[in-house]
Amino acid sequence: MRQRYQLKQRPQRSRSYDSDDHERGACEWCEYALVITLATVLLIGVSALTIFWVFYYRGGYAWADDTPDKQFNLHPTLMVAGFVTFCGFSVLLYRICRCFRRIYVKLLHAIFHALAFPCIVIGFLAVLDYHNKKGINNFYSLHSWIGFVAMGLFGLQYAVGFFSFLLLLICNKGTAGFRASLVPIHAAFGILTFVLGVAACLTGLTEKAIFALGADRYSGLVDEGIIINAIGVSMVAILGVVMYILSREKFRPAEARERLTRTSVDL
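Residues numbered from 1 in each chain as written. Predicted model: local features only at pLDDT ≥ 70, side-chain atom pairs only at ≥ 80, totals over all residues. Heavy atoms only, no water.

An unreviewed UniProt entry lists the chain under the name Cytochrome b561 domain-containing protein, with Bombyx mori given as the organism. Quoted verbatim from the Cofactor (unreviewed entry) field of UniProt, the annotation for the chain is "heme b". (UniProt positions renumbered as here; feature names shortened; annotations may be inferred.)

A. Seen up close, the packing of helix 3 (residues 74-96) against helix 6 (residues 176-219). The contact between helix 3 and helix 6 brings their axes to 9 Å, and the two run at 155°. Between helix 3 and helix 6, the angle falls in the class roughly antiparallel. Helix 3 and helix 6 meet at a crossing whose hand is left-handed. Here Met 79, Val 80, Phe 83, Val 84, Cys 87, Gly 88 and Val 91 of helix 3 lie close against helix 6, whose contacting residues are Phe 194, Gly 197, Val 198 and Cys 201. In terms of residue class, the contact of helix 3 with helix 6 is built from 9 nonpolar, 2 polar and no charged. (Axes fitted to C-alpha atoms, helices over the stretch in contact; angles between N-to-C directions. Helix = DSSP H or I, 4+ residues; strand = E, 2+ residues; numbered from the N terminus. Parallel < 35°, antiparallel > 145°, perpendicular 65-115°, else oblique. Left-handed = near helix turned anticlockwise from the far one by under 90°. Contact = heavy atoms within 4.5 Å. Nonpolar A, V, L, I, M, F, W, Y, C, P; charged D, E, K, R; others polar.)

B. Structural context of the side chain of Ser 47. Topologically, Ser 47 is positioned in helix 1 (residues 2-57). Given the relative accessible area of 14%, Ser 47 is considered buried. Not counting chain neighbours up to four residues away, the residues in contact with Ser 47 comprise Val 80, Ala 81 and Thr 85. (Buried < 20%, exposed > 50% of the residue type's maximum accessible area, 1.4 Å probe, protein only.)

C. Representation of the nonpolar core. Phe 83, Val 84, Met 235, Ile 238 and Ile 245 are the most contacted members of the largest nonpolar core, which totals 42 residues. When contributions to this core are tallied by element, the ones reaching two or more residues are helix 1, helix 3, helix 4 (102-134), helix 5 (142-170), helix 6 and helix 7 (223-247). Setting aside residues up to four positions removed in sequence, Ile 245 forms contacts with Val 35, Ile 36, Ala 39, Leu 92, Arg 95 and Phe 251. Within the second largest apolar cluster, 5 residues are counted, among which are Leu 74, Ala 81, Cys 119 and Ala 126. (Core = buried A, V, L, I, M, F, W, Y, C linked by side-chain atoms within 4.5 Å.)

D. Expanded view of the pattern of salt bridges. By the definition in use, this model includes 5 salt bridges. In this structure, Arg 58 and Glu 224 form a salt bridge, with 2.8 Å as the shortest nitrogen-oxygen distance. Placement of the pair is Arg 58 in the loop between helix 1 and helix 2 (68-72) and Glu 224 in helix 7, with a sequence separation of 166 residues. Among the ionic pairs, Lys 134 bridges to Asp 69, the shortest N-O distance being 3.9 Å. Within this pair, whereas Lys 134 is found in helix 4, its partner Asp 69 is found in helix 2, the two being separated by 65 residues in sequence. With a relative accessible area of 42%, Lys 134 lands in the partly exposed category. (Salt bridge = Lys/Arg side-chain N within 4 Å of Asp/Glu carboxyl O.)

What follows is the structure, given as structure tokens:
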């Protein structure tokens, strides 16, 4: 009788464990949805806040010799859009599009990089031409040095990614080993490029606030200074949320986790 009683109790215990596993899975999905939503709102919001700042406080945009200040306004807007918004989404696509086929995620990744590329190039040309019109030296500040390195890494990443993606389309099986060896390098330098891009935008915002408002007005917490600081804090929050998402192995697609496990076992 005692053995029969124990056998009857075992299914109830297994159902309890299954319930715990289900609850843990639900909590993970809630966490995943929360941080992905937060990252999306921040990535879009930081560009929207930058556009609002430029239109409300800086007079909008132009590209003409008689309005060089409005031409300069293209620089912060396009650099934030390119380095932060588009690159941020590009980095997160492998976590956001968990149900997509890998080839489609790669294609979206390439599209977001393609959107960031003209933003960065036009933003760079805008500030370079502005400096030449105003007689300001180029590449003298920490902001410009960090930005120059970030642009160089972005161009290198874009070229390597485009090259490997073409190899994927031309010869999938023959280049599998070569592309697999590029993945960790490409991912590491992609994160580094994103971090340097955020750093360049933060130092550039600080420069613009001091030059445009002056140290006295900026230290007095005028409205424009608060908006500039809000843009900077948003970018810091984006960096923190993106790094958190990338650090969570459970946010990876199941296929990527299995591939990572097989690699670690092989090693």
